[in-house]
Amino acid sequence: MLLKMLHAYYNHVRAFENTLVAKFFGLHCVKLAGANQKKVRFVIMGNLFCSDHTIHRRFDLKGSSLGRTTDKPQAEIDEYTTLKDLDLNFIFRLQKQWFEEFRRQVDKDCEFLEQEKIMDYSLLVGVHFRGAIDIDGDKPATPRVSRWDRNHFLSDPNRWCKIKLGANMLSRAELTVRKNDSDVIGEPTGEYCDVILYFGIIDILQDYDIGKKIEHAYKSFQYDSTSISAVDPRQYSRRFKDFIYKAFQEDRVDS
């Protein structure tokens, strides 16, 4: 799939320096020695979470709901657990200029993926909580709700030069609570955490092939067809953006 889309992928990455799609740096094949001469193929990719900051929480967000929760009990969730859509208990609030750039780039990236007939991708989000993290016995790690201290962070030139869309982004995360199981995003509580975000679009090599079409048809008999992950690229893109633009919103703290 990567070879098939390589020309379009290359042009997209060159055209949009802030693209959020996964960065591929190499596609390789190694033939193992021995009787069967087995070939092993692998890619070299950029690490979204290459940072001096600890990633305290990580979320894999698709915009679908069927099966989109971790199978770990609450007490066992830690910084290495990949949480999913229904585990998300924050709204990430970006400064106006960053939010506008975020929306523009997600629109462009989804347009590219839709044109290449790609689906089943995710927005991988890493969250670093600024300040103390309370760990009390069997209770899960909970971010300390702190005051908004953006100016101090931005006044440090060593940190400012590293900020880009999807990397080292200072933000506020508003805690949410789901009142109904059907809620895609919980209700905001007015409680905020200061966070640094890392995010990008991953798993971009799954096209809507015959296997995915059969999966869609089969699961549609059992579940609401809008809740399952395997849908056609146009519907997938639209649902993905609808969800992401609820999870990420403009911070109106200064308005």
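Residues numbered from 1 in each chain as written. Predicted model: local features only at pLDDT ≥ 70, side-chain atom pairs only at ≥ 80, totals over all residues. Heavy atoms only, no water.

Colleague: Account for the packing of helix H1 (residues 2-15) against helix H2 (residues 96-115), naming residues and giving values.
Modeller: Between H1 and H2, whose axes approach to 11 Å, the crossing angle comes to 165 degrees. By the angle between their directions, the pair H1 and H2 is classed as roughly antiparallel. As for the relative orientation of H1 and H2, their crossing is right-handed in sense. Residues Met5, Ala8, Tyr9 and His12 of H1 pack against Gln105, Lys108, Asp109 and Phe112 of H2. (Axes fitted to C-alpha atoms, helices over the stretch in contact; angles between N-to-C directions. Helix = DSSP H or I, 4+ residues; strand = E, 2+ residues; numbered from the N terminus. Parallel < 35°, antiparallel > 145°, perpendicular 65-115°, else oblique. Left-handed = near helix turned anticlockwise from the far one by under 90°. Contact = heavy atoms within 4.5 Å.)

Colleague: I'd like a description of the confidence of the model for the protein, backed by residues and values.
Modeller: Of all residues in the protein, 77% attain a pLDDT of 70 or more, and the chain-wide mean is 82. Note on residues 134-142: pLDDT under 50 across the span, and ten contacts to partners over four residues away in sequence or across chains. This stretch, residues 144-149, has a pLDDT under 50; its non-local contacts, to residues over four places away or in other chains, come to 19 contacts. (pLDDT = per-residue confidence, 0-100.)

Colleague: Hey, could you go over the environment of valine 43 for me, with residue numbers and the actual values?
Modeller: The topology assignment puts valine 43 in strand S2 (residues 39-45). Judged by relative accessible area, valine 43 falls into the partly exposed class, the value being 31%. Once residues lying within four places of it in the same chain are set aside, the contact partners of valine 43 are Leu2, Phe24, Gly26 and Leu27. (Buried < 20%, exposed > 50% of the residue type's maximum accessible area, 1.4 Å probe, protein only.)

Colleague: I'd like to hear about the sheet that holds strand S4 (residues 82-84), residue by residue, with values.
Modeller: Where strands meet in a sheet, backbone hydrogen bonds hold them as pairs that are either parallel or antiparallel. Spatially, the seven strands line up as an open sheet ordered S4-S3-S6-S10-S9-S5-S11, and their pairing is mixed. Both edges of this open sheet fall to S4 and strand S11 (248-250), since each of them pairs with a single strand only. Between one strand axis and the next, the sheet turns by 40 degrees as a mean value, whatever way the strands run. The pairing of strand S3 (residues 57-61) with strand S6 (residues 122-129) spans five bridges and is antiparallel. In the strand pairing of S6, arginine 58 is matched with glycine 126. Of the strands in this sheet, strand S5 (90-94), strand S9 (169-177), strand S10 (187-202) and S11 touch H2, which is tilted by about 140 degrees from S11. Along the sheet face, helix H6 (residues 233-247) touches S3, S5, S6, S10 and S11 and points at about 55 degrees away from the line of S11. (Pairing = 2+ DSSP bridges.)

Colleague: Describe in detail the packing of aromatic side chains, supporting the description with residues and values.
Modeller: Per the counting criterion, the structure on display carries ten aromatic pairs. Taking 5.2 Å as the distance between ring centres and 45 degrees as the angle between the ring planes, the aromatic pair formed by phenylalanine 92 and phenylalanine 248 counts as tilted. With phenylalanine 92 in strand S5 and phenylalanine 248 in strand S11, the pair connects residues that are 156 residues apart, well separated along the chain. We note that phenylalanine 92, like phenylalanine 248, is buried. An aromatic cluster of three or more residues is present, and its members are Phe90, Phe92, Phe102, Phe129, Phe199, Tyr245 and Phe248. Geometry around tyrosine 245 places arginine 103 over its ring, the cationic atom sitting 3.9 Å from the centre. In this structure, arginine 172 packs its charged tip against the face of tyrosine 192, placed 3.9 Å from the ring centre. (Phe/Tyr/Trp six-rings, centres within 6.5 Å; stacked < 30°, edge-to-face > 60°. Lys NZ or Arg CZ within 6 Å of the ring centre and 35° of its normal.)

Colleague: Tell me what's going on with H2, and back it up with residues and numbers.
Modeller: Between the first and last C-alpha of H2 there are 29 Å, a value that for 20 residues agrees with the 28 Å anticipated at 1.5 Å per step. All of the buried residues along H2 are Trp98, Phe99, Glu101, Phe102, Gln105, Val106, Asp109, Cys110, Phe112 and Leu113. Down the axis, H2 shows its buried residues gathered within 160 degrees of arc, on one side only. Backbone geometry just after H2 places lysine 117 at a positive phi near 60 degrees. (Expected span 1.5 Å × (residues − 1). Arc of directions from axis to C-beta.)

Colleague: Give a detailed account of a nonpolar patch on the surface, specifying residues and quantitative values.
Modeller: A contiguous nonpolar patch, built from Phe25, Val30, Leu32, Val40, Phe42 and Ile44 and spanning about 510 Å² of accessible area, is present on the exposed surface. If you list the elements that add at least two residues to the nonpolar patch, you get strand S1 (24-31) and S2. Element by element, the count of residues in the nonpolar patch is highest for S2, at three residues. Counting through the fold element by element, phenylalanine 25 comes out in strand S1. Judged by its relative accessible area of 63%, phenylalanine 25 is exposed. (Patch = residues over 30% accessible without salt bridge, like charges linked within 9 Å, V, L, I, M, F, W, Y side chains within 5 Å. Areas by Shrake-Rupley, 256 points an atom, 1.4 Å probe, with all protein chains shown as cover. Salt bridge = Lys/Arg side-chain N within 4 Å of Asp/Glu carboxyl O.)

Colleague: Describe the nonpolar core, naming the residues involved and giving the relevant values.
Modeller: Counting 50 residues, the largest nonpolar core has Phe92, Phe102, Val125, Phe199 and Phe248 as the members making the most contacts within it. Of all the elements in the fold, those that place two or more residues in this core are H1, S3, S5, H2, S6, S9, S10 and H6. Top element by residues in this core is H2. It accounts for seven residues. Leave out the neighbours within four places in its chain, and valine 125 touches Phe49, Arg57, Arg58, Phe59, Leu61, Phe92, Leu197, Tyr198, Phe199 and Phe248. Among the nonpolar cores identified, the runner-up in size contains seven residues, and Phe49, Ile55, Leu124 and Ile196 belong to it. (Core = buried A, V, L, I, M, F, W, Y, C linked by side-chain atoms within 4.5 Å.)

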